[in-house]
Structure formats: structure tokens, C-alpha cells
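Observations on chain architecture
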Amino acid sequence: MSDKIIFQDLEVTTVLGNDVWERKKKMPLRVTCEIHTSISAAGKTDKINESVNYSQASKRVRAFAESDHNLQSLEAFSEKVASECLSVTPRALAVRVFIRKSRALLHAQHVAIEIFRTREEIFGDAESEYVRAEGESDEDLARRVEAAKKEIAAATRSAGVLAREDHIIVQRLSLNTIIGINRWERHYKQVVNIDLTLCCEKLPLPDDNAKLNKVPRYRNYRTVVDAVSELVEQSSYRTVEALVTSIARTAVKVCKVPKITVRVEKPSAITFAACTGAEITRTADDFAAANESPRAPAGSLVSADGSCSTAPDSARHSAYIALGTNIGDRLGNLHKAVFNLRKNLPRSRLIETSFLYETLPMYVTDQAPFLNAACLVKTELEPLELLDELKRLEFEMGRDFTVYRNGPRVIDYDILFYDEVVIESDVLTIPHALLHERRFQLGPLCDIDRDLMHHRLGKTSGTLFRHLTTHNEVPDDTVQVTPLKARWHTRPNPHEGCILKPLNPKTQKETVFMGILNCTPDSFSDGGDFVSLDAAVEHATRLFNDGADIIDIGGQSTRPGADPVGVEEEIRRIVPVIKRIREEGMEIPISVDTFYAEVAAAALDAGADIVNDVTGGYSDPKMLPLVAERQCPYILMHMRGDPLTMTSLNDYSQFDGDVMRAVRFEIAQRVRAALDHGIPRWNIIIDPGIGFAKEGAQNFEILRRLPALTAKNIYASAKFKGSNAEEIAEDVGTDVDDQGFVDENLATELINYPVLVGCSRKRFIGNVTGRPNAKDRVWGTAATITSAIQGGASIVRVHDVAEMYDVARVSDSIYRL
């Protein structure tokens with residue numbers, strides 16, 4: 001038996017988190033409660049005191065809603081509603097609570113939560129609640145307790161899966177997308193209505209409201225809806241089946257929802273039907289196959305064990321720390337601060353770093369600009385212990401604590417988040433008290449994790465940053481910068497000798513030029529031209545005068561089929577050139593084109609600034625640790641095999657023949673390995689590897705789709721099927737490849753990484769222009785430079801700097817806003 005007392009759609013008003021416009025306002029809720037009890041006695045006697053009084057229960061719920069409860073989430077509110085219902089009388093054995101919030105999301109009808117709770121879950125052991133009635137024997141009391149337990153068991157069985165999991169529901173999320181196989185459906189976006197049910201395992205009931213308000217990210221409907229909305233509105237699937245599966249995959253894999261039911265409806269599909277649609281339920285197990293990365297061929301970027309990361313330690317807590325400096329050698333200060341977190345912070349491990357940002361001072365504006373970054377640390381330290389250790393590191397680096405608040409500082413560590421802890425004390429506030437108004441902290445934080453929940457404000461870090469950058473009249477003065485040189489080489493370094501460039505397409509105004517200096521007898525284009533020391537230095541000077549921002553010096557040809565020359569010979573060719581350039585006083589950044597760690601070390605010691613590794617650290621296992629130790633900029637290129645084997649490794653069939661998808665997947669593996677070895681994110685520049693393990697058409701494909709290299713998602717390349725494919729493509733005005741996003745499972749996102757493109761004089765240009773002599777491919781190279789700049793390339797690597805300088809500056813004026 002499972003009897004119920006019910007009140008349905010009780011309307012209450014309360015302040016609960018934020019409304020659709022992210023304001024704290026009173027909002028209406030509809031509350032439905034089904035209270036499980038036994039109504040047998042009341043049915044016989046007609047006495048209300050032998051049942052559950054729904055009037056009392058509803059009044060208690062309404063009174064609580066109108067109280068100053070300070071709850072932030074539907075989850076927290078539903079727990080309290082369940083407690084109020086079960087507090088009416090011990091006869092209330094269990095309760096199902098369903099609460100709708102109709103003003104929660106701009107494009108959804110409502111958000112709801114559905115939970116089931118028993119007396120034991122809310123109050124603990126039920127037996128202690130049963131008081132012996134007057135004249136009741138031990139046997140009668142025992143029978144009454146046993147009967148109550150049976151009723152609770154019956155109620156639990158009737159609840160089904162709701163007894164084991166909570167449901168967070170988004171009803172009728174209306175979005176616009178391209179969906180359908182007919183020609184007219186490829187013309188215009190149409191509305192789809194989406195229902196999402198997040199099925200989450202019950203959490204232990206916390207002992208205070210602060211803990212109750214903490215909603216794990218996988219239960220945060222705003223985070224899930226943001227991810228789903230971005231996916232749907234940019235997709236162009238042919239079938240509802242593909243769309244509904246992609247939504248489920250995004251929720252499970254991106255938002256970490258353990259189980260989800262997705263329903264997608266097309267209201268405009270059939271004239272005489274309300275809608276057509278599909279509904280599925282998926283868990284992480286359903287996408288296990290997708291979690292297994294495609295197997296790369298021998299010689300590819302993927303290492304033998306699939307990763308270069310070191311084993312994680314036992315640190316339990318996640319601390320997100322902001323770093324800032326504006327005194328002296330700012331880049332040097334940050335590098336030392338990161339080194340201290342890695343080596344000198346006890347019982348802790350540095351896990352992740354952000355990009356680097358240059359920002360104008362805030363609060364006290366009469367001081368130098370800051371360099372800012374953020375990092376993730378795993379630690380065994382408690383919050384106050386961590387604060388003390390960070391203050392110690394600041395002191396050891398020379399921070400003057402007598403300077404006025406928000407004044408100049410050599411280094412500043414701020415704890416932004418510590419797990420999901422909320423602390424408000426005289427010495428420490430977590431989440432950071434001023435985080436919501438600081439772009440210079442939120443920007444770097446979002447590089448690491450844009451879904452961190454600020455439990456005092458009820459918003460994610462990504463939402464806070466978006467509001468600051470789009471809803472604020474103050475101009476955004478936070479500029480992502482990339483170091484190209486960390487120090488002076490030819491004179492004392494009283495302040496800082498670094499060169500920082502804005503290489504993000506959103507802020508970059510001029511393309512950075514890397515001039516090529518091959519100190520080799522066998523390079524495909526200029527082999528033998530600069531093998532002597534004088535000729536090499538003279539050419540370096542010419543490149544500098546022609547407008548080069550970086551000189552890339554190589555001592556080994558990487559043309560297809562080139563034989564390796566060995567470490568000693570490569571060092572013999574390039575180190576004297578680097579030393580002479582520095583002796584002559586040129587402070588231009590120098591990169592060393594090598595995949596040997598020993599050569600890179602010798603070049604850096606001689607005065608080089610950047611390591612340009614065509615294998616992305618795959619060839620020499622000592623390369624990534626070296627770059628991490630030296631804290632130098634690192635150009636990480638996509639390649640398979642080596643110069644002798646790469647031409648036979650251009651089969652990307654395991655990626656459905658999609659070369660861009662392959663490059664993204666494999667270069668993300670190497671970026672992840674670099675980050676895991678301790679190379680700061682701000683020191684990494686990626687190169688898609690034009691001409692390396694790619695044949696002619698594949699190189700053009702990469703140039704054509706270059707923006708996809710650092711995009712959040714990539715479109716599938718599978719062609720439309722059917723006789724009207726070309727007609728559809730022509731009508732829509734897009735390539736027939738647009739099918740929706742691929743489930744890539746990248747090792748790390750590539751968003752905002754600076755991109756270097758090197759096409760200069762390469763064979764694929766000669767093949768289409770009929771120019772067998774590499775030096776005659778200048779104008780063909782010019783076309784690729786324009787294409788690369790249009791696609792968002794930050795750096796172009798060229799032989800003919802003077803000619804390409806003019807091409808790039810005109811292209812910059814066209815494509816860079």
C-alpha cells in the first residue's frame with residue numbers, strides 16, 4: 001500500500017538565486033507535494049488527526065518560502081520543502097516534491113526539480129520518533145513501527161528511480177538551428193523545443209544552509225543550458241536523431257552530467273501534426289567508445305602510453321590562485337612565482353596555468369601596468385595554511401607589505417577559489433571578495449575553468465566574466481599577451497628586457513614576422529646560401545632591417561627525405577651564429593629550429609629566446625622538461641614521423657579523412673603533454689605543420705579552415721548524401737561539409753592559443769603555380785600569407801620578409817579590426 005496526501009501547484013513567491021536577467025528578485029514558484037502516509041485509519045474514523053493535514057503542510061511551505069531563508073538554488077529549496085512537509089506529523093513517511101520556476105531562463109518555459117525523500121533521509125532513525133501512546137503495549141508499539149517501515153518501503157518502491165536519483169528539469173528550451181534534409185530546411189533556421197532531465201544521484205543532506213546552497217557543476221542547469229544552447233544554435237544537423245544525441249553527449253561529456261534524458265521536438269516538421277521529435281536517455285557508459293581516442297599511426301604525435309603527464313599525487317583540494325606583478329622584471333617575477341608554486345609550496349602540486357594578460361591598474365591608477373595570470377594547485381594545505389604559505393612566498397620574493405593597499409607589488413598571490421568552500425573572515429574570504437568586479441582575475445581564471453560556481457553570487461566564473469565584458473560600459477583593458485623574449489642579452493637588465501606581443505586575434509593589430517635563417521647546405525629553398533658565419537649574420541641583419549620580429553635559426557633541414565645530421569653538427573652550425581648576432585647588439589628575439597633538447601639548451605645558453613620544435617616534443621623526451629625548466633616560449637608544431645617518414649604518414653582515414661580534425665586532435669595531445677610537464681600556457685604557440693605529413697590538397701584545406709584550429713568545436717567533414725547535395729550547398733551558400741559538431745574528445749581545448757603558419761616557398765605552392773624553383777614561389781607564398789592572416793594566424797614564418805611585409809600590412813588592414 002502507498003497512500004498519498006497531495007497538494008498541487010501551490011503558488012508561492014520567494015527570493016531564490018537570480019532571475020532570468022541575473023537579478024535577485026522575488027519570483028513565483030509552483031510547488032507540488034505528494035506526502036506518503038497511511039490513510040486507513042482516517043478513512044475509517046473520518047478524523048483528520050489520523051492522517052496528514054494538507055492545509056498545515058501547504059501553510060508551512062508557504063511560510064518558509066516567504067521567510068528570509070537565504071537559499072540560492074532550487075535544490076536547496078526543495079530539500080527544505082520536503083523537511084517542512086515531513087515535519088507536520090510523524091504520519092508523514094515520505095514525500096515527492098516537484099517545484100517549477102517559470103522565470104529561470106530566458107528561452108525556456110520553466111526549470112523544475114523533482115526529489116523524493118523519506119523520514120530517515122531527513123531526520124535520521126525513525127524509530128526514535130515513535131512515542132508510546134497511552135495504554136499502548138510494547139507489542140502494539142512494535143507493530144506500529146513495523147507497519148510504518150513497510151509503508152516507507154512501499155512508498156520507496158512506488159517512487160521508482162526517483163528513490164535513487166534527483167531530477168533537474170529544463171522544460172521547452174526553444175532554440176533556433178538548421179535542421180532537416182530538405183532543401184528548404186537548409187535555407188533558414190527553425191525552432192526546436194528541447195526538454196532536458198538531468199538525473200543526478202542523491203547527495204548527503206548537509207547540516208547548514210551554506211553547504212546546502214552549493215550546487216555541483218553537473219547539477220547546475222545554467223551551465224548545461226549554456227553548453228547546449230551554444231551547440232544547437234551553431235549546428236546544422238540533418239536529422240533529429242543526430243541532434244538529440246549530440247545534446248546528450250555535450251551534457252554528459254562536457255558538463256559531466258551522469259545521466260540525462262533529452263527530448264527534441266520540431267514543431268514545423270509536419271503540417272498536420274503538433275510536432276515530430278526524438279527522446280533518448282544516455283549515461284557516460286553510452287559514450288565510452290567516444291572516450292577512446294582514435295589510434296594514431298606509428299610515428300604520430302601520440303606517445304606510446306598516450307600521454308606524457310606524470311602520475312598525480314594524493315593532494316585532495318583544488319585551489320585557484322591569481323598572480324599579479326607590476327614592479328621590475330614583471331615576466332621574470334611571474335616565472336619565479338610559478339616556480340615557487342611548483343617547487344616551494346609544501347604538500348602541493350601545480351596543475352594548470354592560464355594565458356598571460358597585461359592590464360591597466362585598478363583602484364589605484366597612478367602606477368605601472370600589471371601582468372596577470374592564474375593557476376590551479378592541488379594541495380593538502382587547509383585554506384588558512386595555504387594563505388600563510390603564499391604570504392611567505394610573497395615575502396621571500398621581496399614584496400613590501402608596507403606599501404598602500406592596491407599599490408605596486410613585485411608579486412601578489414590571491415586565493416580565488418578553494419574547492420567549494422565559502423569562508424568570510426577578517427583575514428580570508430573565499431570565493432575572493434572582489435572577484436566579480438575584476439577582469440584581470442576572471443579572464444585568466446576562465447582559461448582554466450569557466451564553470452566554477454561562485455556560491456555566494458550563484459553564478460559561474462564564465463558568467464561573471466561575460467557580464468563584465470559585455471554588460472559593462474567600462475572598456476575592456478585586459479589584453480592577452482605572449483612573451484617572445486624574456487631578457488636582455490647584450491646589456492644589464494635593471495628592469496625587464498622582455499618583449500610581449502598581443503597575439504590573440506581579438507586584439508592583435510599587426511602580424512608578427514618570423515624570418516628564416518637556414519644555416520644548412522641542404523634546405524629545400526636556400527640550402528648552402530648561409531653556411532658561412534659571415535653570410536648567416538649578414539642575412540640575419542637583412543631580415544631584421546626588412547621588418548622581421550623574430551629570426552628563426554635552423555641547423556638541420558626538415559624537408560621531406562632529409563637525413564639527420566646529429567646534435568654536435570647542429571650545434572656547430574647555429575650556436576656561433578647566435579653568439580655573433582648578440583655580440584653585434586641585435587636584441588631581436590631568436591628562435592632555434594630544432595627537435596633536440598641538447599641543441600635547444602645550447603642555443604638558449606648562446607642567446608636564443610624561443611624553441612621551435614617541429615615534432616612538438618615527440619622526438620626527444622627531454623625537450624618538454626627542458627622548456628619547462630627554462631620557461632621560454634615554445635612553438636609546438638603538428639607532425640607525424642620524421643623528415644624521412646612523414647610523407648608516408650598523411651593518411652587521416654581514422655579521422656574520416658578530415659585533416660583539420662586530425663591536426664586538432666593530435667596537436668591537443670602534445671599541448672596537454674607540454675602543460676603536464678609544467679610549460680606555462682602563455683609560453684605555447686601552436687603550428688598546424690603545413691607540408692609536414694600532409695600532401696598538397698591537405699595543406700590548402702588547413703589554410704581554408706584555419707579558424708577551426710583554435711575553435712571550441714569543429715564541423716564534421718562528411719559530405720551530404722543524395723542527388724541534391726550540390727543544389728543544397730549552392731542554396732545555403734555554405735560548403736556541403738556543414739553537418740554539425742564532431743565529438744572530438746580533445747586532450748585540452750585549443751581556444752586562444754597563438755597560431756604560427758609556415759607556408760613560405762613550399763612544394764604545394766609550386767605544384768599549383770608550376771614553379772619548380774622554390775625561390776620563384778614568392779607570389780604564391782603571398783597568397784598563403786593573406787589566407788593565413790584572414791584565418792587568424794598570429795605569426796607567419798617566411799623567407800622573403802621585405803616582400804611579405806607589404807602583403808601582411810595590407811592584409812592586416814583588411815582583416816584585423
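See the structure shown above.
Residues numbered from 1 in each chain as written. Predicted model: local features only at pLDDT ≥ 70, side-chain atom pairs only at ≥ 80, totals over all residues. Heavy atoms only, no water.

1. As for the sheet that holds strand β25 (residues 634–637)
Filter applied, for reference: By definition, two strands form a pair when at least two bridges between them are found by DSSP. Helix and strand definitions follow DSSP, with helices as H or I runs of at least four residues and strands as E runs of at least two, each counted in order from the N terminus. Here, residues are in contact when the closest pair of their heavy atoms is within 4.5 Å. Comment: axis = line fitted to C-alpha atoms, over the contacting stretch for helices; angle = value between 0 and 180 degrees taken between N-to-C directions.
Strand order in the open sheet formed by 8 strands is β26-β25-β24-β23-β22-β21-β28-β27, with parallel pairing between adjacent strands. Bordering the open sheet on either side are β26 (684–687) and β27 (756–757), each of which pairs with just one other strand. Where strand β21 (residues 512–518) meets strand β28 (residues 795–798), 4 bridges bridge the pair, whose relative direction is parallel. Considered in β28, the bridge of Phe-513 is made with Val-796. Sheet strands touched by helix α18 (residues 659–676): β25 and β26. Its angle to β26, the strand with the most contacts, is close to 165°.

2. Here we look at the side chain of Ser-760
Selection criterion: Two N or O atoms count as a polar contact when they lie within 3.5 Å, although within protein this holds only if one can serve as hydrogen donor and the other as acceptor, and sequence-adjacent residues are included solely when both atoms are side-chain atoms.
With respect to the element layout, Ser-760 can be found in the loop between β27 and α21 (763–769). Separated by 2.7 Å, the side chains of Ser-760 and His-799 make a polar contact.

3. Quick notes on the pattern of salt bridges
Stated formally: Whenever Lys or Arg places a side-chain nitrogen within 4 Å of a carboxyl oxygen from Asp or Glu, that contact is recorded as a salt bridge.
Inspection of every chain in the model, using the stated rule, returns 48 salt bridges. The closest approach of N and O atoms between Glu-538 and Arg-542, which form a salt bridge, is 3.5 Å. Here Glu-538 and its partner Arg-542 are both found in helix α14 (residues 533–546), 4 residues apart, which amounts to about one turn of the helix. Among the ionic pairs, Asp-593 bridges to Arg-797, the shortest N-O distance being 3.3 Å. Of this pair, Asp-593 sits in strand β23 (residues 590–593) while Arg-797 sits in strand β28, and the two are 204 residues apart along the sequence. Salt bridges linked by common partners bring Lys-391, Glu-394, Arg-399, Arg-409 and Asp-412 together as one network.

4. Comments concerning unusual backbone geometry
How we decide: Using a 1.4 Å probe on the protein chains alone, a residue whose accessible area is under 20% of its type maximum counts as buried, one over 50% counts as exposed, and one in between counts as partly exposed.
In the segment running from Ile-430 into Pro-431, the intervening peptide bond is cis, with an omega of -5°. Relative to the elements of secondary structure, Pro-431 occurs in the loop between β16 (429–430) and α12 (439–448). Within the chain, Lys-256 stands out as a residue other than glycine whose phi angle is a positive 65°. Of note, Lys-256 is situated in the loop between α8 (240–254) and β8 (259–266). Overall, Lys-256 belongs to the exposed group, its relative accessible area being 53%.

5. Focus: the pairing of strand β22 (residues 550–554)
A large share of β22 lies buried, amounting to 5 of its 5 residues. Side-chain alternation along β22 places Ile-550, Asp-552 and Gly-554 on one buried face and Ile-551 and Ile-553 on a second face that is also buried. The pairing of β21 with β22 spans 5 bridges and is parallel. Of the residues in β22, the one forming a bridge with Gly-515 is Ile-551. Sheet analysis places β22 next to β23, joined by 4 bridges and oriented parallel. Within β23, the position partnered with Gly-554 by the bridge is Asp-593.

6. With respect to the nonpolar core
Using the following cut-off: By convention a nonpolar core is built from buried Ala, Val, Leu, Ile, Met, Phe, Trp, Tyr and Cys residues, the set being connected through side-chain atoms within 4.5 Å.
With 87 residues, the main nonpolar core has Leu-517, Ile-553, Val-611 and Val-757 as its most contacted residues. In terms of residue count, α18 provides more of this core than any other element does, 11 residues in total. Val-88, Leu-198, Val-232 and Val-244 belong to the second-largest nonpolar core, a separate cluster that totals 67 residues.

7. Considering the environment of Ala-540
Of note, Ala-540 is situated in helix α14. Separated by 24 residues in the primary sequence, Ala-540 and Ile-516 place their C-alpha atoms 8.6 Å from one another. Other than its neighbours up to four places away in sequence, Ala-540 contacts Leu-517, Ile-551, Ile-581 and Met-586.

8. Some points on empty space enclosed by the protein
Which entries qualify depends on this criterion: Here a cavity means grid points, on a 1 Å grid over the protein atoms only, where a 1.4 Å probe fits yet cannot get out; a pocket means an open set of points with protein on both sides within 12 Å along at least five of seven lines; lining residues are those with an atom within 4 Å of a point. Grid points are joined across faces, edges and corners, and a volume is the space filled by probe spheres set on the points. The classification used treats Ala, Val, Leu, Ile, Met, Phe, Trp, Tyr, Cys and Pro as nonpolar, Asp, Glu, Lys and Arg as charged, and all other residues, Gly among them, as polar.
By the definition in use, this model includes 3 cavities of 30 Å³ or more. The volume enclosed by the largest cavity comes to roughly 180 Å³. What lines the largest cavity is a set of 17 residues, and nearest its centre among them are Phe-370, Asn-372, Arg-409, Asp-412 and Phe-440. Counting residues per element, the ones that place at least two in the lining of the largest cavity are β10 (317–325), β13 (370–379), β14 (412–418) and α12. The greatest single-element share of the lining of the largest cavity, amounting to 3 residues, is contributed by β10. Residues of the lining of the largest cavity, tallied by class, amount to 8 nonpolar, 5 polar and 4 charged. Roughly 40 Å³ of volume is contained in the second largest cavity. Along the walls of the second largest cavity sit Arg-342, Leu-350, Ile-351, Glu-352, Thr-353, Leu-675, Gly-678, Ile-679 and Pro-680, which together make up its complete lining. Looking at the lining of the second largest cavity, the element that brings in the most residues is strand β11 (residues 348–353), giving 4 residues.

9. Details of the packing of helix α22 (residues 778–790) against helix α23 (residues 801–815)
Each pair of packed helices can be described by the angle between their axes along with the distance between the axes. Cut-off, in case you're wondering: Any angle that falls under 35 degrees is termed roughly parallel, while one over 145 is termed roughly antiparallel, one within 65 to 115 roughly perpendicular, and all others oblique. The crossing is said to be left-handed when, going from far helix to near helix, the turn is anticlockwise and less than a right angle, and right-handed when the turn is clockwise.
At a minimum axis separation of 9 Å, α22 and α23 run at an interaxial angle of 30°. Taken as axis vectors, α22 and α23 run roughly parallel relative to one another. Here α22 and α23 pass one another in a crossing that is right-handed. Contact with α22, carried on its side by Val-778, Thr-781, Ala-782, Ile-785, Thr-786, Ile-789 and Gln-790, involves Glu-803, Met-804, Val-807, Ala-808, Ser-811, Asp-812 and Tyr-815 of α23 and no other residues of that element. When its residues are assigned to classes, the contact of α22 with α23 shows 8 nonpolar, 4 polar and 2 charged.

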